[in-house]
Amino acid sequence: MRGWEFVCTTAELLPGEKRSVWAGDTAILVFNLDGDLHALEDRCSHEDFELSSGTFDAAEGSIECILHGARFDVRDGRALCAPAYAPVAKFPVRVVDGAVYTRDDRG
Ligand code: FES
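Residues numbered from 1 in each chain as written. Predicted model: local features only at pLDDT ≥ 70, side-chain atom pairs only at ≥ 80, totals over all residues. Heavy atoms only, no water.

Focus on the overall build of the protein
Then, number 1: Looking only at helices and strands, the protein features zero helices and ten strands.
Then, number 2: For the protein, the succession of helices and strands along the chain, N to C, is β-β-β-β-β-β-β-β-β-β.
Then, number 3: A compact globule built from 107 residues would reach a C-alpha radius of gyration of about 13 Å, and the protein, at 13 Å, matches this within 12%.
Then, number 4: If you line up the protein on its principal axes, its C-alpha atoms span 40 × 30 × 20 Å.
Then, number 5: Considering only contacts within the protein whose residues lie at least 6 apart along the sequence, 40% involve residues at least 24 apart.
Then, number 6: When the accessible surface of the protein is summed, it comes to about 5700 Å², and 44% of that surface belongs to carbon and sulfur atoms.
Then, number 7: Counting 11 positive and 19 negative side-chain charges, the protein places the centres of these two groups 4 Å from one another. (Helix = DSSP H or I, 4+ residues; strand = E, 2+ residues; numbered from the N terminus. Rg over C-alpha atoms; globule rule 2.2 N^0.38 Å. Contact = heavy atoms within 4.5 Å. Areas by Shrake-Rupley, 256 points an atom, 1.4 Å probe, with all protein chains shown as cover. Lys, Arg positive; Asp, Glu negative; His and termini not counted. Charge placed at Lys NZ, Arg CZ, Asp CG, Glu CD.)

Now the structure itself:
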């Protein structure tokens, strides 16, 4: 698919799991939250650290940055606690024939 980056197969991204991929210059982190797929930029809005190193809490639907403990809602990227206040960019996800795709749809 034009402009869409292959992430993995659906079998490789089960509920409670996350996968990261580069789409051009953008690192994207894709989550499976109870069967729904969500994608955020793999970059903490506090000090630009990679969120993929952190813990995905599938019960809360959040990802915690391991550097200073900020948490973000994986459904929309909003910051849930200090020291981050700005949201993380959210990206679209598509599933086609058992394959997961995402892309950076900003300008
Ligand atoms: S860089 Fe993520 S909380 Fe500080």
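As for the nonpolar core
Then, number 1: Within the largest apolar cluster, 14 residues are counted, with the highest numbers of intra-cluster contacts made by Phe31, Leu51, Phe56, Ile63, Phe72 and Val74.
Then, number 2: Examining the composition of this core, we find that three residues originate from one element, strand 3 (residues 26-33), more than from any other.
Then, number 3: What Leu51 contacts, discounting residues up to four positions off in sequence, is Leu29, Glu41, Asp42, Arg43, Cys44, Ile63, Cys65, Phe72 and Val88.
Then, number 4: Within the second largest apolar cluster, eleven residues are counted, among which are Val21, Ala23, Ile28 and Val100. (Core = buried A, V, L, I, M, F, W, Y, C linked by side-chain atoms within 4.5 Å. Buried < 20%, exposed > 50% of the residue type's maximum accessible area, 1.4 Å probe, protein only.)

A closer look at unusual backbone geometry
Residues other than glycine predominantly adopt negative phi, and peptide bonds predominantly adopt the trans conformation.
Then, number 1: For the peptide bond that leads from Ala82 to Pro83, omega is 10°, which places it in the cis range.
Then, number 2: With respect to the helices and strands, Pro83 occurs in the loop between strand 7 (71-73) and strand 8 (90-91).
Then, number 3: Unlike most non-glycine residues, Asp48 shows phi in positive territory, near 65°.
Then, number 4: Position of Asp48 among the secondary structure elements: in the loop between strand 4 (36-41) and strand 5 (55-57).

Focus: the side chain of Asp73
Then, number 1: For Asp73, the position within the fold is in strand 7.
Then, number 2: In this structure Asp73 comes out as buried when scored by relative accessible area, which is 4%.
Then, number 3: Within polar-contact distance, the side chain of Asp73 engages the backbone nitrogen of Arg75 at 2.8 Å.
Then, number 4: When sequence neighbours within four positions are dropped, the list of residues in contact with Asp73 reads Leu40, Gly61, Arg78 and Leu80. (Polar contact = N/O pair within 3.5 Å; in protein donor to acceptor, adjacent residues only side chain to side chain.)

Concerning the sheet that holds strand 7
Then, number 1: Taken together, three strands build an open sheet; the order of strands is 5-6-7 and the sheet is antiparallel. Each edge of the open sheet is held by one strand with a lone partner, namely strand 5 and strand 7. Within this sheet the neighbouring strands show an average axis-to-axis angle of 25°, counted without direction.
Then, number 2: Two strands pair when backbone bridges link them, and strand 6 (residues 62-64) and strand 7 are joined in this way by three bridges, in the antiparallel orientation. Considered in strand 7, the bridge of Ser62 is made with Asp73. (Pairing = 2+ DSSP bridges. Axes fitted to C-alpha atoms, helices over the stretch in contact; angles between N-to-C directions.)

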